[in-house]
Amino acid sequence: MKRFIATFLTLTLAVPVFAGDVATERDKTKKGAVIGAVAGGVLGAVIGNNRHGGNAKRGAIIGTVAGGVAGAAVGAYIDKQERELRQINGVEVQRTADDELNVVVKNEVLFDYNSAALRGASRDSLREMARVFEKYNNTTLSVQGHTDSTGSASYNERLSERRSGSVANYLEQVGVRSGRIRTVGYGESDPRASNASARGRQLNRRVEIHVKANAA
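Residues numbered from 1 in each chain as written. Predicted model: local features only at pLDDT ≥ 70, side-chain atom pairs only at ≥ 80, totals over all residues. Heavy atoms only, no water.

In terms of regular secondary structure, the protein is built from seven helices and five strands. Listing each helix as α and each strand as β along the protein from the N terminus yields α-α-α-β-β-α-α-β-α-β-α-β. Of all 216 residues assigned to the protein, the portion counted as buried reaches 39%. The long-range share in the protein, meaning contacts at least 24 apart out of those at least 6 apart in sequence, stands at 66%. Here the protein has roughly 11500 Å² of accessible surface; of this, 55% comes from carbon and sulfur atoms. (Helix = DSSP H or I, 4+ residues; strand = E, 2+ residues; numbered from the N terminus. Buried < 20%, exposed > 50% of the residue type's maximum accessible area, 1.4 Å probe, protein only. Contact = heavy atoms within 4.5 Å. Areas by Shrake-Rupley, 256 points an atom, 1.4 Å probe, with all protein chains shown as cover.)

Structure below.
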């Protein structure tokens, strides 16, 4: 068992090396398999130790295989969703983890100045996004509103809440199940750039949709 723990620690420390690579889609799927295999191996060892007369090694092998398959499947699932979301105009897609995406919707696409009412043109982009979200529906969505620092902090927080609510409500109207969506407004508290310039303020006015694969 001590030898197994030492091996596990070595594998765990090695994972960030993979995660730090500049990844292609195949790399991302492979990283998911590695992380899943490590997690599965640990769980399998514990189960094997408890259920098979202390046979941690046997449990680790079974868990590693199962975890690797599950991790690779999640990585491939998110790969496909990422690729389709990137085809939509007015959005920026970032891969934040093997099982997560962050979709940034540019504010000028969504709303007029100081308004939480969706612009007509924005509905087309959101409708396309909803189709992708429903196609890959084993995920949860966190719709997060952000503003620049113009105006009071309390007003900006309320405005960001109304805007994230508008996006979430429209996604629900066009078919995304409400149980998958949560909303939050961060106001001016999480800027992407300096509010000292017009360009920076424009970047800070946005809605982000964090997409996370559900646990198996």
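Now that the structure has been shown, the text picks up again.
With that out of the way, let us pick up the packing of aromatic side chains. Evaluated as defined, the whole model comprises one aromatic pair. Both rings, one in tyrosine 77 and one in tyrosine 136, keep their centres 5.5 Å apart while their planes meet at 85°; by these two values the pair is edge-to-face. Separated by 59 residues along the polypeptide, tyrosine 77 in helix H3 (residues 56-85) and tyrosine 136 in the loop between helix H5 (120-135) and strand S3 (139-146) bring together distant segments of the chain. You can call tyrosine 77 partly exposed: its relative accessible area is 23%. Exposure remark for tyrosine 136: the relative accessible area of 8% places this residue in the buried category. (Phe/Tyr/Trp six-rings, centres within 6.5 Å; stacked < 30°, edge-to-face > 60°.)

This part is about unusual backbone geometry. Of note in this structure, asparagine 114 is not a glycine but carries a positive phi near 60°. Looking at the secondary structure, you find asparagine 114 in the loop between helix H4 (107-110) and H5.

For helix H6 (residues 153-173), spanning 21 residues, the distance from its first C-alpha to its last is 30 Å, which sits close to the expected 30 Å at 1.5 Å a residue. Listed as buried for H6 are Asn156, Leu159, Ser160, Arg163, Ser164, Gly165, Ser166, Val167, Ala168, Tyr170 and Leu171. For H6, the elements touching its buried residues are H4, H5, S3, strand S4 (181-185) and strand S5 (206-213). Glycine 175 sits one or two residues past H6 and shows a positive phi near 120°. (Expected span 1.5 Å × (residues − 1).)

Turning our eyes to something else, we now look at the sheet that holds strand S1 (residues 91-97). Taking strand neighbours across the sheet as the criterion, the five strands line up as S1-S2-S5-S3-S4 in an open arrangement whose pairing is mixed. Only two strands of the sheet have a single neighbouring strand rather than two, namely S1 and S4. The sheet shows a mean angle of 20° between the axes of neighbouring strands, taken without regard to direction. Judged from the seven bridges that link them, strand S2 (residues 100-106) and S5 form a sheet pairing that is antiparallel. Each residue of the ladder has a partner; that of valine 104, found in S5, is glutamate 208. (Pairing = 2+ DSSP bridges. Axes fitted to C-alpha atoms, helices over the stretch in contact; angles between N-to-C directions.)

What follows concerns the pairing of S3. Buried residues dominate S3, accounting for seven of its eight residues. Bridge count for S3 against S5 is eight bridges, and the pairing is antiparallel. Pairing of threonine 140 across the sheet is with lysine 212, part of S5. Two strands pair when backbone bridges link them, and S3 and S4 are joined in this way by five bridges, in the parallel orientation. When the bridges of S4 are listed, glutamine 144 appears paired with valine 184. Crossover handedness for the path S3 to H6 to S4: right-handed. (Right-handed = clockwise from strand over helix to strand, strands pointing away.)

For the rest of this paragraph, the subject is the pattern of salt bridges. Scanning the entire structure with this criterion turns up 12 salt bridges. We note a salt bridge from glutamate 82 to arginine 95, for which the minimum N-O separation is 2.8 Å. Placement of the pair is glutamate 82 in helix H3 and arginine 95 in strand S1, with a sequence separation of 13 residues. A salt bridge links glutamate 208 to arginine 206; its shortest N-O distance comes to 2.7 Å. Exposure class is identical for glutamate 208 and arginine 206. Each is buried. (Salt bridge = Lys/Arg side-chain N within 4 Å of Asp/Glu carboxyl O.)

This next bit is on H5. Helical geometry: 3.6 residues make up each α-helical turn, so side chains three or four residues apart lie on a common side. A rise of 1.5 Å per residue sets the reference length of H5, with its 16 residues, at 22 Å; its end C-alpha atoms lie 24 Å apart and thus fit the reference within 8%. For H5, every residue scored as buried is listed here: Ser122, Ser125, Leu126, Met129, Ala130, Val132 and Phe133. Down the axis of H5, the buried set is contained in an arc of 160°. They therefore lie on one face. The exposed set on the far side of H5, more than 90 degrees from its buried face, consists of Gly120, Arg131 and Lys135. (Arc of directions from axis to C-beta.)

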